[in-house]
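Each chain, letter by letter, is given below.
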Amino acid sequence: MIATCIRFHAFGNPQEVLQVEQKQMKSPMNGEILVRMIDRPINPSDLLPIRGAYSHRISLPTIPGYEGVGIVEEVGSSVSHELLGKRVLPLRGEGTWQDYVTAPADLAITIPPSMEDYIAAQLYINPITAWITCTEVLQLKEGDILLVNACGSSIGRILCQLSAILGFRLIAVTRNHFYTEELLQLGAFAVINTSDTALHQTVMELTNGQGATAAIDSVGGTAGSDLAFCVRPNGTLVTIGLLSGTPVHWGEISRRTQVNIRLFHLRHWNQQVSVQTWQDTFSHVIALIMKQKLGLMMPYAHYDLLEVQKAVQMAESSRNRGKIFLRNKVNHHIFA
């Protein structure tokens, strides 16, 4: 079977290096499933590797895309036929920006029938990162104060909701007033717009001069280092992203602030946890969504997989107004 995929053969601007190609699909091997993709969100974490952020561990050419939802079309030997026709997240296998994805069957996440495709498609990167960071890495408890930058982002909105679920207080840091009311409604204790408000002074006022218990940095650069100076001594800052593209000398920042700096990479957590813990973590997050305690980003636009350049352009220009999705409106495969 010949199917459509998106590949890049060199690092660079996604709009320039992404190419629509055809590939020969193989039947799934022992322990694998073949999934016909339906919907995939475009995340910053999808685009950063295309630009070369992690070039040392990416072999070219490659197919991007870390998450998405699809239907099991074929199963390999030793895999239950009960999975056939089920809607799943085919994770930690191939890149999802293609018509069909081969993935490990034991890591596939089965989706409840009543859950919308656009919600299922974005269940992995941001919700799991937010949940693990809050519950396992920082072990936040009632009364703790968490400081989060780039809080208008998908993960920022999830963290606001987790503050209400887990009982900690969240101070959201943004660069404008566009998200203020929404973030407060989602559960933020306070919102600081750094375009017109001094970050350090305001955090100290909100925490009675003590500083935040912990912080989560998605930006890096001065936005990340400024966050560290707002955390109380012996508190913890977790860095989960580098949206600015500017690294921070965290060793020096830690020495100056006496704040513990931890780097969290979801792929490292993936490598350490058992299949049972992996499945249980998703079950917990899915339960929060089904109970309407946790909501994810609404779609801003859907593009066909063949329109990937337009989709990426929109994703970069409409950031945080809603998710951009690559959807299989029609099957672009040719049976050969």
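Residues numbered from 1 in each chain as written. Predicted model: local features only at pLDDT ≥ 70, side-chain atom pairs only at ≥ 80, totals over all residues. Heavy atoms only, no water.

Enquirer: Hey, could you run me through the packing of helix α8 (residues 221–228) against helix α9 (residues 250–257) in this one?
Expert: The packing of two helices is summarised by the inter-axis angle and the distance between the axes. At a closest axis distance of 10 Å, the pairing of α8 and α9 adopts a crossing angle of 25°. As the angle between them shows, α8 and α9 are arranged roughly parallel. Every pair of crossing elements has a handedness; the one defined by α8 and α9 is right-handed. Residues Gly-224, Ser-225 and Ala-228 of α8 pack against Trp-250, Ile-253 and Thr-257 of α9. Grouping the amino acids of the contact of α8 with α9 by side-chain chemistry returns 3 nonpolar, 3 polar and no charged. (Axes fitted to C-alpha atoms, helices over the stretch in contact; angles between N-to-C directions. Helix = DSSP H or I, 4+ residues; strand = E, 2+ residues; numbered from the N terminus. Parallel < 35°, antiparallel > 145°, perpendicular 65-115°, else oblique. Left-handed = near helix turned anticlockwise from the far one by under 90°. Contact = heavy atoms within 4.5 Å. Nonpolar A, V, L, I, M, F, W, Y, C, P; charged D, E, K, R; others polar.)

Enquirer: Explain the pattern of salt bridges to me, please; I cannot follow it from the model alone.
Expert: Opposite charge on two side chains lets them pair, provided their charged atoms get close. Taken as a whole, this structure holds 10 salt bridges when the rule is applied. When the shortest N-O distance is used, the salt bridge between Arg-7 and Glu-21 registers 2.8 Å. With a gap of 14 residues between them, Arg-7 in strand β1 (residues 2–8) and Glu-21 in strand β2 (residues 18–24) connect regions that are remote in the sequence. In this structure, a network of salt bridges that share partners links the residues Asp-39, Arg-87, Asp-117 and Arg-327. (Salt bridge = Lys/Arg side-chain N within 4 Å of Asp/Glu carboxyl O.)

Enquirer: Looking at this structure, how should I read the environment of Met-290?
Expert: Along the polypeptide, Met-290 turns up in helix α11 (residues 275–290). When its relative accessible area of 38% is taken as the criterion, Met-290 is described as partly exposed. Along the sequence, Met-290 and Ala-105 sit 185 residues apart, while their C-alpha atoms lie 24 Å from each other. (Buried < 20%, exposed > 50% of the residue type's maximum accessible area, 1.4 Å probe, protein only.)

Enquirer: I tried to follow the packing of aromatic side chains on my own but got confused; where do I start?
Expert: To describe a pair of aromatic rings, you give the distance between the ring centres and the angle between the ring planes. This model, assessed by the stated rule, comprises 6 aromatic pairs. For the pair Phe-8 and Phe-11, a centre-to-centre distance of 6.0 Å together with 55° between the ring planes defines the contact as tilted. Given the relative accessible area of 29%, Phe-11 is considered partly exposed. For the ring pair Tyr-124 and Trp-278, a centre distance of 5.7 Å and an interplane angle of 70° mean the geometry is edge-to-face. Highlighted residues: Tyr-124 in the loop between α3 (117–121) and α4 (125–137) and Trp-278 in helix α11, separated in sequence by 154 residues. Trp-278 shares its class with Tyr-124; the two are buried. An aromatic cluster is built from Tyr-124, Trp-269, Trp-278 and Phe-282, whose rings are joined through pairwise contacts. (Phe/Tyr/Trp six-rings, centres within 6.5 Å; stacked < 30°, edge-to-face > 60°.)

Enquirer: Would you take a moment to explain the domain arrangement of the chain for this structure?
Expert: Size of an interface, as often reported, equals the accessible area lost when the parts are brought together. Taken as a whole, the chain is organised into domain 1 (2–123 + 296–327) and domain 2 (128–267). Contacts between the two partners involve 9 residues from domain 1 and, on the opposite side, 10 residues from domain 2. Both sides of the domain 1 and domain 2 interface together cover about 850 Å² of buried area, and 53% of this is carbon and sulfur. Counting the contacts that link domain 1 with domain 2 gives 0 salt bridges. Taken together, the residues of the side of domain 1 that touches domain 2 break down into 5 nonpolar, 1 polar and 3 charged. (Domains from an automatic or database assignment. Buried area = accessible area lost by both parts, 1.4 Å probe.)

Enquirer: Looking at this structure, how should I read helix α12 (residues 308–317)?
Expert: Helical periodicity: at 3.6 residues per turn, an α-helix aligns residues three or four positions apart in one direction. Of all the residues in α12, the buried ones are Val-308, Ala-311, Val-312 and Ala-315. Down the axis of α12, the buried side of the element spans an arc of 95°, and every buried residue falls inside it. Turned more than 90 degrees from where α12 packs its buried face, Lys-310 and Ser-317 sit exposed. Lining the buried residues of α12 we find β1, α1 (14–17), β2, α2 (44–51), β14 (299–304) and β15 (323–327). (Arc of directions from axis to C-beta.)

Enquirer: Would you mind going over unusual backbone geometry with me for this structure?
Expert: Excluding glycine, residues mostly carry a negative phi; peptide bonds, for their part, are mostly trans. In this structure, Pro-61 follows Leu-60 across a cis peptide bond, with omega equal to -5°. Along the polypeptide, Pro-61 turns up in the loop between α2 and β4 (69–75). Phi angles above zero are rare outside glycine, and Arg-92 is one such case at about 65°. The backbone of Gln-139 sits at a positive phi, close to 50°, despite the residue not being glycine. Secondary-structure assignment places Gln-139 in the loop between α4 and β8 (145–148). We classify Gln-139 as exposed; its relative accessible area is 56%.

Enquirer: So what exactly am I meant to see when it comes to the sheet that holds strand β9 (residues 169–174) here?
Expert: Hydrogen bonds along the backbone pair up the strands of a sheet, which may run parallel or antiparallel. Judged by pairing direction, the sheet is parallel, and its 6 strands sit side by side in the order β10-β9-β8-β11-β12-β13 without closing on themselves. Lying at the two open borders of the sheet, with one neighbouring strand each, are β10 (190–193) and β13 (260–263). Neighbouring strand axes in the sheet, compared pairwise and without regard to direction, differ in orientation by 20° on average. Here 3 bridges tie β8 to strand β11 (residues 212–217), and the two strands are oriented parallel to one another. Its bridge partner lying in β11, Leu-146 is registered against Ala-214. (Pairing = 2+ DSSP bridges.)

Enquirer: Mind showing me how you'd approach the side chain of Gln-161 here?
Expert: Note that Gln-161 resides in helix α5 (residues 154–166). Within the structure, the side chain of Gln-161 is placed 2.6 Å from the backbone nitrogen of Gly-295, a separation counted as a polar contact. (Polar contact = N/O pair within 3.5 Å; in protein donor to acceptor, adjacent residues only side chain to side chain.)

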